[in-house]
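# Architecture at a glance
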Amino acid sequence: MSTGIAGLDDILGGGLTPRRIYLVEGSPGTGKTTLGMQFLRDGEARGEHGLYITLSETTHELKAVAASHGWSLDALSIFELASDMALDIDSQQSIFHPSEVELGETTRNVMAEVERVKPVRVVFDSLSEMRLLAQNPLRYRRQILALKHFFAARDCTVLLLDDKTSASDQHLHSIAHGVITLEQIAKEFGKERRRVNVLKMRGIRFRGGYHDYTLDTGGITMYPRLVASEHGLDFTPTLRSTGSDGLDTLLGGGLVSGTNTLVVGPSGIGKTTLVARCLVSALERGEKASFYLFDEGLGTFFSRSLALGMDLRPYLEGGRLQIHHIDPAELSPGQFAQMLRDAVEQDKVSFLAIDSLNAYLQAMPGEQFLTLQMHELLSYLNLQGVTTLLVLGQHGLIGDIQSDIDVSYLADTTVLLRFFESSGRLRRAITVIKSRTANHALTIHELLLGHDGVRVGEPLEGFEGVLTGLPTYRGATPMMIPTPHEAG
């Protein structure tokens, strides 16, 4: 049975086993009520009548929540018990009015409503009120068991919502057929993170661990954790040109489909320009491409590319190029991974660039195992036959240059860029320090970026220490002469 949330169905291996009771627990604000509404609305769309039993909110409040998502609950049956329970601020024994609405009476009312409506799907919101009415764990467990057997005899699939006001309620975990936990984590900066964890699900091979989700207008969207090995695709690796003969020679022929290339260097050296050159070459071959910008604004990126002889706007307008400006403070790792999956699987993108890994990895320092998630993401892209380019910035310009993070082991190919000084002029050097797929050149070359694109010069055989930024000149290597329009 579908939960009404495609991502949750994927996590559960297809959905829920019908005619069972499930516990959905989470602190206030995690989206339990919204999840329950999506579950019931999905049932109505399939001809399965739903009943929402509320002990904590009024019908008006529920309809207001639904309206905020653009939904209508008119097709659902809502049974409101909240109006029968009133606060008594004078009582020290119970939070309820002296009329003492007993747990047994509440349970009987629920059963009578179910007998009248005969629903296929039921949401019970919430168990915290039932726990307070019971006053002791034994009575509470007995009433929950009574409800379980009652619903089972009537072929109902039930979601019990619990706000976790009790620190540890293992009674519910043992009674329920499955347990789904929703969490909300406040960040020091940026949007809060939400994640789901399926603690238990009898008879279902579910995807365990944490998965990111968002709660926005329109409901809950869940992003199952990416497992690369589940998404293999048969393809033939193909050698493709970067658009620069000199760069192709350095790489051992060009870029290989189904591999990723890491472009490393200090700020301002031309990492993004180098990636853009490869991007344009892919677009000229008729490929679909997607570029994810974390650092640079779209206007700057377009104008700089145009000044270097690469006009990207026609490809963007033609639909073959997607450019996304990403704000990592507002994006979870799972959401970003889903964006890339959608680009590959739905839009058939075969060339993908991420600029830069610094922003992606450092803007979410509280996320655990983020590098491992990046490993799964790159493995997935490789298995899909996508050509991936990654940009990694380093600190410093000359001499001691460092990286905040080391992800070089994730890359199939690593291209290193460096500034160096020669004859009173700041110049650029390029070399390939690693390639798993090609017999790459081991020489260091001068790099020049200008209106005619990317130019790679002769090997810097007359220099020693180029990669340190402070070389010693021991020969007569000719330097490329830049035109007035060329940078550096």
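Just so it is clear, the model here is predicted, and its values are computed rather than measured.

The subject of this paragraph is the packing of aromatic side chains. One pass over the full model with this rule turns up 6 aromatic pairs. Summarising the aromatic geometry, the rings of Phe 291 and Phe 301 are spaced 4.9 Å apart at their centres and angled 45° between planes, so their arrangement reads as tilted. Placement of the pair is Phe 291 in strand β13 (residues 289-293) and Phe 301 in helix α10 (residues 298-307), with a sequence separation of 10 residues. Ring geometry for Phe 294 and Phe 336: centres 5.4 Å apart, planes at 70°, overall edge-to-face. Pair noted here: Phe 294 is in the loop between β13 and α10 and Phe 336 is in helix α12 (residues 333-345), with a separation of 42 residues, a long-range link. Considered together, Phe 294 and Phe 336 belong to a single accessibility category, that of buried residues.

The next thing to look at is α10. Taken as a whole, α10 has its buried residues at Phe 301, Phe 302 and Ser 305. Along the long axis of α10, the arc covered by the buried residues comes to 95°, so they all point the same way. If you follow the buried residues of α10, they end up packed against α9 (271-284), β13, α11 (313-318) and β14 (321-325). Just downstream of α10, Gly 309 is the residue with a positive phi angle, here 85°.

Turning our attention to unusual backbone geometry. For the bond running from Asp 125 to Ser 126, omega is 0°, close enough to zero to count as cis. By the secondary structure assignment, Ser 126 is in the loop between β4 (121-125) and α5 (127-134). The amide bond that connects Asp 355 to the next residue, Ser 356, takes the cis arrangement and shows omega of 10°. With respect to the element layout, Ser 356 can be found in the loop between β15 (351-355) and α13 (357-362). The phi dihedral of Asp 155 falls on the positive side, at around 55°, and the residue is not glycine. Along the chain, Asp 155 falls in the loop between α6 (137-153) and β5 (157-162). When its relative accessible area of 48% is taken as the criterion, Asp 155 is described as partly exposed. In this structure, Lys 348 takes a positive phi of about 60° despite not being glycine. The residue Lys 348 is located in the loop between α12 and β15 in this model.

A separate point is the side chain of Asn 382. Relative to the helices and strands, Asn 382 resides in helix α14 (residues 370-383). Of the polar contacts made by the side chain of Asn 382, one reaches the side chain of Asp 412; its length is 3.1 Å.

Okay, the nonpolar core next. Formed by 38 residues in total, the largest nonpolar core has its most connected members in Phe 351 and Ile 430. The element that contributes the greatest number of residues to this core is α9, accounting for 8 residues. Excluding residues that lie within four positions of it along the chain, Ile 430 makes contacts with Leu 247, Leu 250, Leu 274, Val 415, Leu 416, Leu 417, Thr 443, Ile 444, His 445, Glu 446, Leu 447 and Val 456. Among the nonpolar cores identified, the runner-up in size contains 33 residues, and Tyr 292, Ala 343, Ala 411 and Leu 416 belong to it.

It is the contact of helix α2 (residues 32-45) with helix α3 (residues 59-68), at a shortest axis distance of 11 Å, that shows an interaxial angle of 80°. When the axes of α2 and α3 are compared, the pair comes out roughly perpendicular. Contact residues: Thr 33, Thr 34 and Met 37 in α2; Leu 62, Val 65 and Ala 66 in α3. Looking at the contact of α2 with α3 residue by residue, the classes come out as 4 nonpolar, 2 polar and no charged.

Further remarks concern the confidence of the model for the protein chain. Here the protein chain averages 86 in pLDDT, and 88% of its residues register 70 or above. In the predicted structure, residues 85-101 sits below a pLDDT of 50 and forms 20 contacts with residues beyond four places in sequence or in another chain.

Turning to the sheet that holds β4, a few remarks are in order. Adjacent strands of a sheet pair through backbone hydrogen bonds, lying either parallel or antiparallel. Pairing is mixed across the open sheet formed by 9 strands, whose spatial order is β3-β2-β4-β5-β1-β6-β7-β8-β9. On the outer flanks of this sheet lie β3 (77-80) and β9 (219-223), each paired with one strand and no other. Across this sheet, the average inter-strand angle for adjacent strands is 20°, counted without regard to direction. Where strand β2 (residues 50-54) lies against β4, 5 bridges are found, and the strand directions are parallel.

With that settled, consider the pairing of β9. If a strand is regular, its side chains alternate between the two faces of the sheet. With 4 of 5 residues buried, β9 is to be regarded as a mostly interior element. Across 5 bridges, strand β8 (residues 210-216) lies against β9 in antiparallel orientation. The residue of β9 that forms the bridge with Asp 216 is Gly 219. Between β8 and β9, which pair antiparallel in sequence order, lie 2 residues; one of them, Gly 218, sits at a positive phi of approximately 105°.

Let us now look at the side chain of Ser 350. Note on placement: Ser 350 falls in the loop between α12 and β15. Of the polar contacts made by the side chain of Ser 350, one reaches the side chain of Glu 287; its length is 2.7 Å. Leaving out residues up to four positions away in the same chain, Ser 350 has contacts with Glu 287, Lys 288, Gly 385, Val 386 and Thr 387.

Helices that pack against each other are described as a pair by the angle of their axes relative to one another and the distance between those axes. At a closest axis distance of 8 Å, the pairing of α5 and α6 adopts a crossing angle of 130°. In this view, α5 runs oblique relative to α6, as classed from their interaxial angle. Relative to α6, α5 is oriented so that their crossing is right-handed. Here Leu 127, Met 130, Arg 131, Leu 133 and Ala 134 of α5 come into contact with α6, specifically with Arg 139, Tyr 140, Ile 144 and Leu 147. Among the residues making up the contact of α5 with α6, the classes are represented as 7 nonpolar, no polar and 2 charged.

Rules and cut-offs
Residues numbered from 1 in each chain as written. Predicted model: local features only at pLDDT ≥ 70, side-chain atom pairs only at ≥ 80, totals over all residues. Heavy atoms only, no water. Phe/Tyr/Trp six-rings, centres within 6.5 Å; stacked < 30°, edge-to-face > 60°. Helix = DSSP H or I, 4+ residues; strand = E, 2+ residues; numbered from the N terminus. Buried < 20%, exposed > 50% of the residue type's maximum accessible area, 1.4 Å probe, protein only. Arc of directions from axis to C-beta. Contact = heavy atoms within 4.5 Å. Polar contact = N/O pair within 3.5 Å; in protein donor to acceptor, adjacent residues only side chain to side chain. Core = buried A, V, L, I, M, F, W, Y, C linked by side-chain atoms within 4.5 Å. Axes fitted to C-alpha atoms, helices over the stretch in contact; angles between N-to-C directions. Parallel < 35°, antiparallel > 145°, perpendicular 65-115°, else oblique. Nonpolar A, V, L, I, M, F, W, Y, C, P; charged D, E, K, R; others polar. pLDDT = per-residue confidence, 0-100. Pairing = 2+ DSSP bridges. Left-handed = near helix turned anticlockwise from the far one by under 90°.

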